[in-house]
Amino acid sequence: MIRINDGTVRMRYQLKSKMLERIVDRRNLEKALKAVERNGGSAGVDDLQSDELRQFLNTCYQSLCQQILEGTYKPKPVRKVEIPKVQGGVRMLGIPTVTDRMIQQAIHQVLSPVYEEQFDKNSFGFRRGKNAQQAVQAAKEYINAGYGWIIELDLEKFFDKVNHQKLMALLSNTVKDKGALKLIHAYLKSGIMEGGVVSPRTEGTPQGSPLSPLLSNIMLNELDKELNKRVTGLYDMQMIAAFT
(Lines give C-alpha, C1' and ligand atoms only; values in the text may rest on other atoms or scores of the structure.)
Protein backbone atom coordinates (compact mmCIF):
# COMPACT_ATOMS: atom_id res chain seq x y z
CA MET A 1 0.00 0.00 0.00
CA ILE A 2 0.99 3.66 -0.41
CA ARG A 3 2.27 4.95 2.92
CA ILE A 4 0.31 8.19 3.23
CA ASN A 5 -2.14 9.83 5.59
CA ASP A 6 -5.20 10.21 3.39
CA GLY A 7 -7.16 11.90 6.19
CA THR A 8 -4.61 14.71 6.43
CA VAL A 9 -5.18 15.62 2.79
CA ARG A 10 -8.94 15.59 3.24
CA MET A 11 -8.83 17.85 6.31
CA ARG A 12 -6.30 20.38 5.04
CA TYR A 13 -7.77 21.17 1.67
CA GLN A 14 -11.49 21.29 2.44
CA LEU A 15 -12.43 19.45 -0.71
CA LYS A 16 -14.92 21.21 -2.94
CA SER A 17 -14.64 18.71 -5.76
CA LYS A 18 -16.34 15.37 -5.15
CA MET A 19 -15.04 13.78 -8.35
CA LEU A 20 -11.49 14.96 -7.72
CA GLU A 21 -11.80 13.60 -4.21
CA ARG A 22 -12.65 10.20 -5.65
CA ILE A 23 -9.81 10.45 -8.18
CA VAL A 24 -7.12 11.12 -5.54
CA ASP A 25 -8.65 8.78 -2.97
CA ARG A 26 -5.88 6.54 -1.62
CA ARG A 27 -7.62 3.34 -2.65
CA ASN A 28 -8.29 4.59 -6.18
CA LEU A 29 -4.68 5.74 -6.63
CA GLU A 30 -3.38 2.47 -5.21
CA LYS A 31 -5.41 0.60 -7.83
CA ALA A 32 -4.11 2.93 -10.55
CA LEU A 33 -0.55 2.51 -9.31
CA LYS A 34 -0.82 -1.26 -9.51
CA ALA A 35 -2.12 -0.99 -13.09
CA VAL A 36 0.89 1.13 -14.11
CA GLU A 37 3.30 -1.26 -12.39
CA ARG A 38 1.62 -4.25 -14.03
CA ASN A 39 1.67 -2.72 -17.52
CA GLY A 40 5.25 -1.47 -17.30
CA GLY A 41 6.20 0.25 -20.52
CA SER A 42 8.67 2.96 -21.43
CA ALA A 43 9.42 5.98 -19.27
CA GLY A 44 8.15 9.42 -20.20
CA VAL A 45 10.08 12.66 -20.57
CA ASP A 46 11.26 12.61 -16.94
CA ASP A 47 12.81 9.11 -17.26
CA LEU A 48 11.01 7.86 -14.13
CA GLN A 49 10.42 4.12 -14.51
CA SER A 50 7.26 2.26 -13.53
CA ASP A 51 9.11 0.31 -10.84
CA GLU A 52 10.21 3.61 -9.27
CA LEU A 53 6.72 5.11 -9.09
CA ARG A 54 5.68 3.62 -5.75
CA GLN A 55 8.67 5.10 -3.92
CA PHE A 56 8.02 8.45 -5.60
CA LEU A 57 4.43 8.38 -4.37
CA ASN A 58 5.43 7.45 -0.84
CA THR A 59 7.44 10.67 -0.78
CA CYS A 60 5.26 13.04 -2.83
CA TYR A 61 1.67 11.84 -2.43
CA GLN A 62 0.41 14.77 -0.34
CA SER A 63 2.00 17.48 -2.50
CA LEU A 64 0.70 15.75 -5.64
CA CYS A 65 -2.82 15.61 -4.21
CA GLN A 66 -2.62 19.25 -3.15
CA GLN A 67 -1.74 20.33 -6.68
CA ILE A 68 -4.55 18.26 -8.22
CA LEU A 69 -7.17 19.43 -5.73
CA GLU A 70 -6.15 23.07 -6.00
CA GLY A 71 -6.13 22.92 -9.80
CA THR A 72 -2.43 23.78 -10.12
CA TYR A 73 -1.15 20.40 -11.33
CA LYS A 74 0.44 20.59 -14.78
CA PRO A 75 0.93 17.32 -16.67
CA LYS A 76 4.29 16.88 -18.32
CA PRO A 77 4.49 16.67 -22.13
CA VAL A 78 4.15 13.24 -23.69
CA ARG A 79 7.12 11.69 -25.44
CA LYS A 80 6.47 11.23 -29.17
CA VAL A 81 7.05 7.76 -30.57
CA GLU A 82 6.20 6.53 -34.06
CA ILE A 83 5.55 2.87 -34.82
CA PRO A 84 4.94 1.34 -38.28
CA LYS A 85 1.42 0.30 -39.27
CA VAL A 86 0.84 -3.11 -40.86
CA GLN A 87 -0.91 -1.49 -43.83
CA GLY A 88 1.84 1.10 -44.25
CA GLY A 89 2.61 4.48 -42.77
CA VAL A 90 3.21 5.15 -39.10
CA ARG A 91 1.09 5.55 -35.99
CA MET A 92 2.00 8.30 -33.58
CA LEU A 93 2.04 7.42 -29.88
CA GLY A 94 2.35 9.85 -27.00
CA ILE A 95 4.03 8.26 -23.97
CA PRO A 96 3.12 10.06 -20.73
CA THR A 97 5.29 9.96 -17.63
CA VAL A 98 4.47 7.12 -15.26
CA THR A 99 3.05 9.67 -12.79
CA ASP A 100 0.69 11.01 -15.43
CA ARG A 101 -0.20 7.48 -16.49
CA MET A 102 -1.22 6.75 -12.91
CA ILE A 103 -3.32 9.92 -12.63
CA GLN A 104 -4.99 9.27 -15.98
CA GLN A 105 -5.71 5.70 -14.91
CA ALA A 106 -7.24 7.05 -11.69
CA ILE A 107 -9.46 9.38 -13.74
CA HIS A 108 -10.42 6.49 -16.02
CA GLN A 109 -11.44 4.34 -13.04
CA VAL A 110 -13.83 7.03 -11.83
CA LEU A 111 -15.27 8.05 -15.22
CA SER A 112 -15.59 4.67 -16.89
CA PRO A 113 -18.49 3.28 -14.79
CA VAL A 114 -20.44 6.49 -15.45
CA TYR A 115 -20.01 6.34 -19.22
CA GLU A 116 -20.46 2.59 -19.50
CA GLU A 117 -24.14 3.20 -18.79
CA GLN A 118 -24.30 5.54 -21.82
CA PHE A 119 -22.36 3.52 -24.39
CA ASP A 120 -24.16 1.45 -27.00
CA LYS A 121 -24.39 -2.25 -26.18
CA ASN A 122 -22.90 -3.02 -29.60
CA SER A 123 -19.82 -0.85 -29.16
CA PHE A 124 -16.96 -3.30 -28.56
CA GLY A 125 -13.74 -1.29 -28.57
CA PHE A 126 -11.61 -0.44 -25.54
CA ARG A 127 -14.24 -1.56 -23.02
CA ARG A 128 -13.96 -3.98 -20.13
CA GLY A 129 -15.55 -7.30 -21.05
CA LYS A 130 -15.84 -6.32 -24.73
CA ASN A 131 -13.65 -7.42 -27.63
CA ALA A 132 -13.44 -7.72 -31.41
CA GLN A 133 -14.50 -11.38 -31.36
CA GLN A 134 -17.81 -10.36 -29.80
CA ALA A 135 -18.26 -7.75 -32.52
CA VAL A 136 -17.73 -10.38 -35.22
CA GLN A 137 -20.24 -12.66 -33.47
CA ALA A 138 -22.76 -9.80 -33.40
CA ALA A 139 -22.22 -9.32 -37.14
CA LYS A 140 -22.89 -13.02 -37.74
CA GLU A 141 -26.10 -12.80 -35.73
CA TYR A 142 -27.32 -9.87 -37.84
CA ILE A 143 -26.55 -11.84 -41.03
CA ASN A 144 -28.43 -14.85 -39.68
CA ALA A 145 -31.34 -12.56 -38.86
CA GLY A 146 -31.61 -11.58 -42.53
CA TYR A 147 -29.57 -8.38 -42.81
CA GLY A 148 -27.59 -8.31 -46.04
CA TRP A 149 -24.98 -5.61 -45.56
CA ILE A 150 -22.04 -5.03 -43.22
CA ILE A 151 -20.44 -1.60 -43.43
CA GLU A 152 -16.93 -1.11 -42.07
CA LEU A 153 -16.03 2.47 -41.16
CA ASP A 154 -12.56 3.79 -40.44
CA LEU A 155 -12.17 7.33 -39.14
CA GLU A 156 -8.73 8.24 -40.47
CA LYS A 157 -6.28 9.51 -37.84
CA PHE A 158 -9.13 9.80 -35.36
CA PHE A 159 -6.92 9.93 -32.26
CA ASP A 160 -4.79 12.64 -33.86
CA LYS A 161 -7.70 14.86 -34.89
CA VAL A 162 -10.16 14.89 -31.98
CA ASN A 163 -11.50 18.42 -31.50
CA HIS A 164 -10.75 19.46 -27.91
CA GLN A 165 -13.58 21.98 -27.70
CA LYS A 166 -16.20 19.47 -28.85
CA LEU A 167 -14.83 16.77 -26.56
CA MET A 168 -14.87 19.04 -23.51
CA ALA A 169 -18.44 20.09 -24.34
CA LEU A 170 -19.47 16.43 -24.45
CA LEU A 171 -17.73 15.73 -21.16
CA SER A 172 -19.43 18.69 -19.48
CA ASN A 173 -22.84 17.23 -20.34
CA THR A 174 -22.13 14.43 -17.86
CA VAL A 175 -19.26 15.63 -15.68
CA LYS A 176 -20.37 18.62 -13.61
CA ASP A 177 -17.21 18.82 -11.53
CA LYS A 178 -15.25 21.81 -12.84
CA GLY A 179 -12.05 20.65 -11.15
CA ALA A 180 -12.18 17.27 -12.88
CA LEU A 181 -12.91 18.90 -16.24
CA LYS A 182 -9.96 21.25 -15.75
CA LEU A 183 -7.65 18.31 -15.04
CA ILE A 184 -8.81 16.41 -18.14
CA HIS A 185 -8.41 19.56 -20.24
CA ALA A 186 -4.87 19.95 -18.91
CA TYR A 187 -4.05 16.48 -20.22
CA LEU A 188 -5.52 17.29 -23.62
CA LYS A 189 -3.36 20.42 -23.84
CA SER A 190 -0.12 18.91 -22.55
CA GLY A 191 2.53 19.24 -25.23
CA ILE A 192 4.43 16.66 -27.25
CA MET A 193 8.21 16.34 -26.90
CA GLU A 194 10.27 15.24 -29.88
CA GLY A 195 14.03 15.55 -30.00
CA GLY A 196 14.03 17.58 -26.80
CA VAL A 197 11.62 20.18 -28.23
CA VAL A 198 8.09 20.56 -26.83
CA SER A 199 5.32 21.45 -29.27
CA PRO A 200 1.86 22.59 -28.14
CA ARG A 201 -1.11 20.34 -28.80
CA THR A 202 -4.36 21.88 -30.00
CA GLU A 203 -6.18 18.74 -31.13
CA GLY A 204 -6.14 14.99 -30.71
CA THR A 205 -5.75 12.50 -27.87
CA PRO A 206 -2.58 10.60 -28.82
CA GLN A 207 -2.62 6.86 -28.30
CA GLY A 208 -0.42 5.64 -25.50
CA SER A 209 -2.22 6.98 -22.44
CA PRO A 210 -4.80 5.23 -20.23
CA LEU A 211 -7.36 7.99 -20.74
CA SER A 212 -7.34 8.32 -24.54
CA PRO A 213 -9.39 5.17 -25.31
CA LEU A 214 -12.18 6.28 -22.96
CA LEU A 215 -12.20 9.81 -24.38
CA SER A 216 -12.34 8.40 -27.90
CA ASN A 217 -15.32 6.23 -26.97
CA ILE A 218 -17.10 9.24 -25.47
CA MET A 219 -16.62 11.07 -28.77
CA LEU A 220 -17.56 8.05 -30.92
CA ASN A 221 -20.66 7.42 -28.81
CA GLU A 222 -22.22 10.46 -30.47
CA LEU A 223 -21.58 8.87 -33.86
CA ASP A 224 -23.10 5.60 -32.64
CA LYS A 225 -26.26 7.41 -31.50
CA GLU A 226 -26.61 9.32 -34.75
CA LEU A 227 -26.09 6.27 -36.96
CA ASN A 228 -28.47 4.21 -34.85
CA LYS A 229 -31.16 6.77 -35.65
CA ARG A 230 -30.61 6.18 -39.34
CA VAL A 231 -29.79 2.48 -39.65
CA THR A 232 -31.40 -0.53 -38.02
CA GLY A 233 -29.07 -3.24 -36.77
CA LEU A 234 -25.96 -1.07 -36.67
CA TYR A 235 -22.95 -2.08 -34.61
CA ASP A 236 -19.60 -0.40 -34.16
CA MET A 237 -17.32 -1.66 -36.94
CA GLN A 238 -14.96 1.28 -36.32
CA MET A 239 -14.07 -0.34 -33.03
CA ILE A 240 -13.40 -3.65 -34.77
CA ALA A 241 -10.88 -1.86 -36.95
CA ALA A 242 -9.24 -0.42 -33.85
CA PHE A 243 -8.48 -3.91 -32.60
CA THR A 244 -6.90 -5.28 -35.78
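Thresholds applied
- Residues numbered from 1 in each chain as written.
- Predicted model: local features only at pLDDT ≥ 70, side-chain atom pairs only at ≥ 80, totals over all residues.
- Heavy atoms only, no water.
- Helix = DSSP H or I, 4+ residues; strand = E, 2+ residues; numbered from the N terminus.
- Buried < 20%, exposed > 50% of the residue type's maximum accessible area, 1.4 Å probe, protein only.
- Contact = heavy atoms within 4.5 Å.
- Areas by Shrake-Rupley, 256 points an atom, 1.4 Å probe, with all protein chains shown as cover.
- Patch = residues over 30% accessible without salt bridge, like charges linked within 9 Å, V, L, I, M, F, W, Y side chains within 5 Å.
- Salt bridge = Lys/Arg side-chain N within 4 Å of Asp/Glu carboxyl O.
- Polar contact = N/O pair within 3.5 Å; in protein donor to acceptor, adjacent residues only side chain to side chain.
- Phe/Tyr/Trp six-rings, centres within 6.5 Å; stacked < 30°, edge-to-face > 60°.
- pLDDT = per-residue confidence, 0-100.

Points about the overall build of the protein
(1) Moving on: Scanning the protein from N- to C-terminus turns up 11 helices and four strands.
(2) Moving on: When the 244 residues of the protein are sorted by exposure, 46% land in the buried category.
(3) Moving on: Long-range contacts, defined here as pairs at least 24 residues apart, represent 74% of the contacts in the protein between residues at least 6 apart.
(4) Moving on: Looking at the protein as shown, the accessible area adds up to about 13,600 Å², and 51% of this sits on carbon and sulfur atoms.

Brief notes about a nonpolar patch on the surface
(1) Moving on: Taken together, the side chains of Trp149, Ile151 and Leu153 make up a nonpolar region of the molecular surface, amounting to roughly 400 Å² of accessible area.
(2) Moving on: Relative to the helices and strands, isoleucine 151 is located in the loop between α6 (132-144) and α7 (158-161).

Quick word on the side chain of asparagine 28
(1) Moving on: Within the secondary structure, asparagine 28 sits in helix α3 (residues 26-39).
(2) Moving on: In this structure asparagine 28 comes out as buried when scored by relative accessible area, which is 12%.
(3) Moving on: Here the side chain of asparagine 28 touches arginine 22 through a polar contact of 3.4 Å, landing on its backbone oxygen.
(4) Moving on: A polar side-chain atom of asparagine 28 sits 2.7 Å from a polar atom in the side chain of glutamine 109.
(5) Moving on: In contact with asparagine 28, other than residues within four places in its own chain, are Arg22, Ile23, Ala106, Gln109 and Val110.

Describing unusual backbone geometry
(1) Moving on: Its identity is not glycine, yet aspartate 47 carries a phi of approximately 65 degrees, on the positive side.
(2) Moving on: Relative to the elements of secondary structure, aspartate 47 occurs in the loop between α3 and α4 (53-70).
(3) Moving on: Residue aspartate 47 is classed as exposed on the basis of its relative accessible area, which comes to 58%.

Brief notes about the packing of aromatic side chains
(1) Moving on: Inspection of the entire model under this criterion finds one aromatic pair.
(2) Moving on: Judged by centre distance (6.3 Å) and plane angle (25 degrees), the rings of tyrosine 115 and phenylalanine 119 are stacked.

Structural notes on the confidence of the model for the protein
(1) Moving on: Per-residue pLDDT for the protein has a mean of 82; in total, 87% of the residues score no lower than 70.
(2) Moving on: Residue range residues 1-16 is modelled with pLDDT below 50. Its contacts to residues more than four positions away, or to other chains, number 35 contacts.
(3) Moving on: Segment residues 235-244 is flagged for pLDDT under 50; beyond a separation of four residues in sequence, or across chains, it makes 31 contacts in the model.

Some thoughts on the environment of alanine 32
(1) Moving on: Within the element layout of this structure, alanine 32 appears in helix α3.
(2) Moving on: With residues up to four places along the chain from it excluded, the contact list for alanine 32 reads Met102, Gln105, Ala106 and Gln109.

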